[in-house]
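These are the residues of each chain, in order.
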Amino acid sequence: MINSIINLFRQQAQQHKTIKAFYYNRKYELGSGKDSYPLFWLDDPILGRNTGNVFTNSVNFAILFVPDKERSVTQLQSLAFSIGLNIIERIKQQSNQLGINILPDWSFLTLSNYYDDNACGCRFSVNFTQANMQNLCLIDEQFDTEKEFETNDALNDFDLSPANRCEVFVNKFPEFDLKTKR
């Protein structure tokens, strides 16, 4: 299910004529200076909850630009809003094919001077539902009633009598003789 959510947004970003890159990652990875803009950033983590046999998922994504001399921050925020709205509406139109339903409670937030690239744009929070696709006939195949956990030694084993009579301790802490007073 997680892959299908990521691929859904990746496909929308890839097919949009303006977007040049798609990333699914944590926000602190954003703004590295090597990203291609305009950018579609899908935030990790994705939040989901189950009610009955229906999953309600929440995702956050951002459409980002780097401001230049030709377009102001507000112009790029407006463009980012338009692109995000187009993506949401396209998913709504394809809901029967995709098996998801966008809930009407989505929200947006304008962004400026965002992370190290000083990007600007809009961040969207979208909730959607999808059916629980678990094949209940395969549940018993996922379990073994005879299984036992393996036990591991507390410490890694190492040879106490080296062949060349020279022992190198690579896991030993280094000793520093740093002067702290004159």
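Residues numbered from 1 in each chain as written. Predicted model: local features only at pLDDT ≥ 70, side-chain atom pairs only at ≥ 80, totals over all residues. Heavy atoms only, no water.

Chemist: Got a sec to walk through the overall build of the chain? Specific residues and values, please.
Modeler: Scanning the chain for helices and strands turns up three helices and seven strands. Going from N to C terminus, the chain has its helices and strands arranged as α-β-β-β-β-α-α-β-β-β. Counting the 182 residues in the chain, one finds 31% classified as buried. A fraction of 57% describes how many contacts in the chain between residues 6 or more apart in sequence connect residues 24 or more apart. Split by element, the accessible area of the chain, about 13700 Å² in all, is 49% carbon and sulfur. (Helix = DSSP H or I, 4+ residues; strand = E, 2+ residues; numbered from the N terminus. Buried < 20%, exposed > 50% of the residue type's maximum accessible area, 1.4 Å probe, protein only. Contact = heavy atoms within 4.5 Å. Areas by Shrake-Rupley, 256 points an atom, 1.4 Å probe, with all protein chains shown as cover.)

Chemist: Mind laying out the state of the cysteines, listing which residues take part and the relevant values?
Modeler: Per the stated rule, a full pass over the model turns up zero disulfides. Free of any disulfide, Cys-122 has its nearest cysteine sulfur in Cys-120, 9.2 Å distant. (Disulfide = S-S within 2.5 Å.)

Chemist: Which residues make up a nonpolar patch on the surface, and what are the values?
Modeler: Where nonpolar side chains cluster on the molecular surface, the patch consists of Met-1, Ile-2 and Met-133 and spans about 270 Å² of accessible area. For Met-1, the location among the structural elements is in the segment before α1 (2–15). (Patch = residues over 30% accessible without salt bridge, like charges linked within 9 Å, V, L, I, M, F, W, Y side chains within 5 Å. Salt bridge = Lys/Arg side-chain N within 4 Å of Asp/Glu carboxyl O.)

Chemist: Before we move on, could you go through the nonpolar core and cite the residues and values that matter?
Modeler: Most often, soluble globular proteins keep nonpolar side chains buried together rather than apart. Ranked by size, the top nonpolar core spans 27 residues in total, and within it Phe-9, Phe-40, Phe-61 and Ile-63 carry the most contacts. Among the elements of the structure, α1, β2 (39–43), β4 (54–65), α2 (73–93), β5 (100–102) and β7 (119–131) are those that each provide at least two residues to this core. Here the element with the most residues in this core is α2; it accounts for six residues. In this structure, Leu-30, Leu-39, Leu-64 and Tyr-114 belong to the second largest nonpolar core, which totals ten residues. (Core = buried A, V, L, I, M, F, W, Y, C linked by side-chain atoms within 4.5 Å.)

Chemist: Break down the pairing of β4 for me, with residues and values.
Modeler: Most of β4 sits inside the fold, with ten of its twelve residues counted as buried. Here β2 pairs with β4 via four bridges, running antiparallel. Residue pairing across strands places Leu-42 opposite Phe-61, the latter belonging to β4. Where strand β3 (residues 47–51) and β4 come together, five bridges link them in antiparallel fashion. Residue pairing in the sheet places Arg-49 in a bridge with Thr-56 of β4. Linking two consecutive strands that pair antiparallel, namely β3 and β4, is a turn of two residues; a positive phi of about 65 degrees is found at Gly-52 within it. (Pairing = 2+ DSSP bridges.)

Chemist: Account for the packing of α1 against α2, with residues named and values stated.
Modeler: Remark: α1 packs on α2, axes separated minimally by 11 Å, with the N-to-C direction vectors making an angle of 120 degrees. Classified by the angle their axes make, α1 and α2 are oblique. The two elements α1 and α2 cross, and the hand of that crossing is right-handed. For the pair formed by α1 and α2, the contact residues are Leu-8, Phe-9, Gln-12 and Gln-15 on the first element and Ile-87, Arg-90 and Ile-91 on the second. When the residues that make up the contact of α1 with α2 are grouped by side-chain class, the tally is four nonpolar, two polar and one charged. (Axes fitted to C-alpha atoms, helices over the stretch in contact; angles between N-to-C directions. Parallel < 35°, antiparallel > 145°, perpendicular 65-115°, else oblique. Left-handed = near helix turned anticlockwise from the far one by under 90°. Nonpolar A, V, L, I, M, F, W, Y, C, P; charged D, E, K, R; others polar.)

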